[in-house]
Amino acid sequence: MTKRLGIIGYPIGHSISPIFQQAALDALGIDATYEKWEVTPEGVGDFVNGLRAPDSWGINITLPHKQAVIPFLDEVDEWATAAGAVNTIVNHDGRLTGHNTDGPGFLRALLVETGYDPKGTRALILGAGGSARGILLALVRGGVDSLVIANRTMERAETLAKLAVENGVKSEAIPIAGNVLIKAAASADLIVNCTSVGMSHGPDEQGTPLTAAEIPASAIVNDVVYTPLETPLLREATAAGATALGGLHMLVYQGVLSFQMWTGQEAPADVMLAAATKEMTSRGA
Ligand SMILES: NC(=O)c1ccc[n+]([C@@H]2O[C@H](COP(=O)([O-])OP(=O)(O)OC[C@H]3O[C@@H](n4cnc5c(N)ncnc54)[C@H](OP(=O)(O)O)[C@@H]3O)[C@@H](O)[C@H]2O)c1
């Protein structure tokens, strides 16, 4: 029986998950298809219940359904419960479990591509939205020593700093500008951009939260933005002599971890990364 996999979202047209997941299935000769389905908010419950069918292995979930799927699942794992969001559903003979591979995918990408281990390090998170929250929890779980959260809206940065403190990590909220930001960057081992600054067609396409002069050469700079593949911040990081990593790796590695949950096989990460890069390049990213 051909197995079915896919991703739901609303809208979903932009998703490149079908490209790199199908490339992985084909590379391993697995008889399965990975599609994308646009599901309206009203249709989420019926769609998720349909995943109990024997030909379904499960799905990925993207915006805006990551919370909405939770009530329709039989079990939600610890990571997804902490994140309050599910990005992967697995069908075990009609029983549906919910998982979140976004945070673990972020950590795996950094480890594989740069050797970074959060244990005992100081991290600066730029932004305080949905992706910043997941990344903060991943760093906390990874044993980070301290966190600084810089954001335009201070209240949101303070909420995240409080979350880190509640989880036993020293944390501070600061504005994403001025000397206080420069000082935080100077002492950071890891700098992660979780704002939409620098994103194509975003609020500040040409913008960068930090310039080369403000980035220490010893830092790892990870931009979660992946359109374009090389963001203004990554260009500044490279000019500073720092290690620069783009957001496509995080996207692919969350998929690598989902793939392993569905198929029980080691995912061909290099095949997936090559397929994702080729697709983004063909889209002009
Ligand atoms: N690589 C991946 O796998 C992955 C995964 C998730 C998201 N992403 C990317 O990450 C980015 C953020 O996503 P999200 O879901 O976290 O978005 P979000 O929840 O909407 O948060 C957006 C963040 O950007 C800040 N921001 C927006 N415009 C700004 C500006 N002009 N100046 C300064 N800060 C600004 C916001 O600050 P305020 O709080 O002040 O509004 C907020 O901190 C997007 O580009 C998304 O595509 C990538």
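Source: prediction; values computed, not measured.

## Some words on the site of the ligand
- Taken together, 21 residues are adjacent to the ligand, and Gly130, Ser131, Asn151, Thr153 and Arg156 come closest.
- In this structure, an oxygen atom belonging to the ligand sits 2.9 Å away from a side-chain N or O atom of Arg152.
- Residue Arg156 places a side-chain N or O atom 2.7 Å away from an oxygen atom belonging to the ligand.
- Within the complex, 76% of the 930 Å² of free accessible area of the ligand lies under protein.

## Section: the pattern of salt bridges
- One pass over the full model with this rule turns up eleven salt bridges.
- The partner of Arg122 in a salt bridge is Asp189, and the shortest N-O contact between them spans 3.9 Å. Placement of the pair is Arg122 in strand 7 (residues 122–126) and Asp189 in the loop between helix 7 (178–186) and strand 10 (190–193), with a sequence separation of 67 residues.
- Taking the relative accessible area as the measure of exposure, Arg122 reaches 39% and is therefore partly exposed.
- Residue classification places Asp189 among the partly exposed positions, given a relative accessible area of 29%.
- Connected through salt bridges with shared partners, the residues Arg4, Glu35 and Asp55 form a single ionic network.

## Description of the sheet that holds strand 5 (residues 88–92)
- Overall, mixed pairing links the six strands, which are arranged 2-1-3-5-6-4 in an open sheet. The two strands at the open ends of the sheet, each matched to only one other strand, are strand 2 (32–38) and strand 4 (75–76).
- Here three bridges tie strand 3 (residues 58–61) to strand 5, and the two strands are oriented antiparallel to one another. Looking across to strand 5, one finds that Gly58 is bridged to Val90.
- The strands that helix 1 (residues 17–27) touches are strand 1 (3–9), strand 2 and strand 3; relative to strand 2, the one it contacts most, it runs at about 170°.
- Packing of helix 9 (residues 248–263) onto the sheet brings it into contact with strand 1, strand 2, strand 3, strand 5 and strand 6 (95–99), and relative to strand 5 it is tilted by some 10°.

## Concerning the domain arrangement of the protein chain
- Each domain of the protein chain was delimited in the assignment, giving domain 1 (3–100 + 249–282) and domain 2 (103–246).
- In this assembly, 15 residues from domain 1 lie in contact with 19 residues from domain 2.
- Interface area, domain 1 with domain 2, both sides summed: about 1,600 Å², of which 70% is carbon and sulfur.
- In terms of surface lost to domain 2, no three residues of domain 1 exceed Trp79, Met250 and Tyr253, which account for 39% of the buried area on that side.
- The closest approach of N and O atoms between Glu78 and Arg141, which form a salt bridge, is 3.2 Å.
- Counting across the domain 1 and domain 2 interface gives two residue pairs in polar contact (both at pLDDT 80 or more).
- Within the residue set of the side of domain 1 that touches domain 2, elements represented by two or more residues are helix 3 (78–83), helix 9 and helix 10 (269–282).
- Sorting elements by how many residues they give to the side of domain 1 that touches domain 2 places helix 9 first, with six residues.
- Across the side of domain 1 that touches domain 2, the residue classes tally to nine nonpolar, five polar and one charged.

## Focus: the packing of helix 4 (residues 102–114) against helix 9
- One way to put it is that helix 4 packs onto helix 9 with a least axis distance of 7 Å and a crossing angle of 115°. Taken as axis vectors, helix 4 and helix 9 run roughly perpendicular relative to one another. Crossing of helix 4 against helix 9: the hand is right-handed. Here Asp102, Pro104, Gly105, Phe106, Arg108, Ala109, Val112 and Glu113 of helix 4 lie close against helix 9, whose contacting residues are His249, Met250, Tyr253, Gln254 and Leu257.

## Observations regarding unusual backbone geometry
- Of note, the bond from Tyr10 into Pro11 is cis; its omega dihedral lies within 30 degrees of zero at 10°.
- Note on placement: Pro11 falls in the loop between strand 1 and helix 1.
- Following Thr227, the chain continues to Pro228 via a peptide bond in cis, the omega torsion being 5°.
- Here Pro228 lies in the loop between strand 11 (220–223) and helix 8 (232–239).
- Even without being glycine, Asp93 reaches a positive phi, approximately 50°.

Cut-off values and rules
Residues numbered from 1 in each chain as written. Predicted model: local features only at pLDDT ≥ 70, side-chain atom pairs only at ≥ 80, totals over all residues. Heavy atoms only, no water. Near = heavy atom within 4 Å. Polar contact = N/O pair within 3.5 Å; in protein donor to acceptor, adjacent residues only side chain to side chain. Areas by Shrake-Rupley, 256 points an atom, 1.4 Å probe, with all protein chains shown as cover. Salt bridge = Lys/Arg side-chain N within 4 Å of Asp/Glu carboxyl O. Helix = DSSP H or I, 4+ residues; strand = E, 2+ residues; numbered from the N terminus. Buried < 20%, exposed > 50% of the residue type's maximum accessible area, 1.4 Å probe, protein only. Pairing = 2+ DSSP bridges. Contact = heavy atoms within 4.5 Å. Axes fitted to C-alpha atoms, helices over the stretch in contact; angles between N-to-C directions. Domains from an automatic or database assignment. Buried area = accessible area lost by both parts, 1.4 Å probe. Nonpolar A, V, L, I, M, F, W, Y, C, P; charged D, E, K, R; others polar. Parallel < 35°, antiparallel > 145°, perpendicular 65-115°, else oblique. Left-handed = near helix turned anticlockwise from the far one by under 90°.

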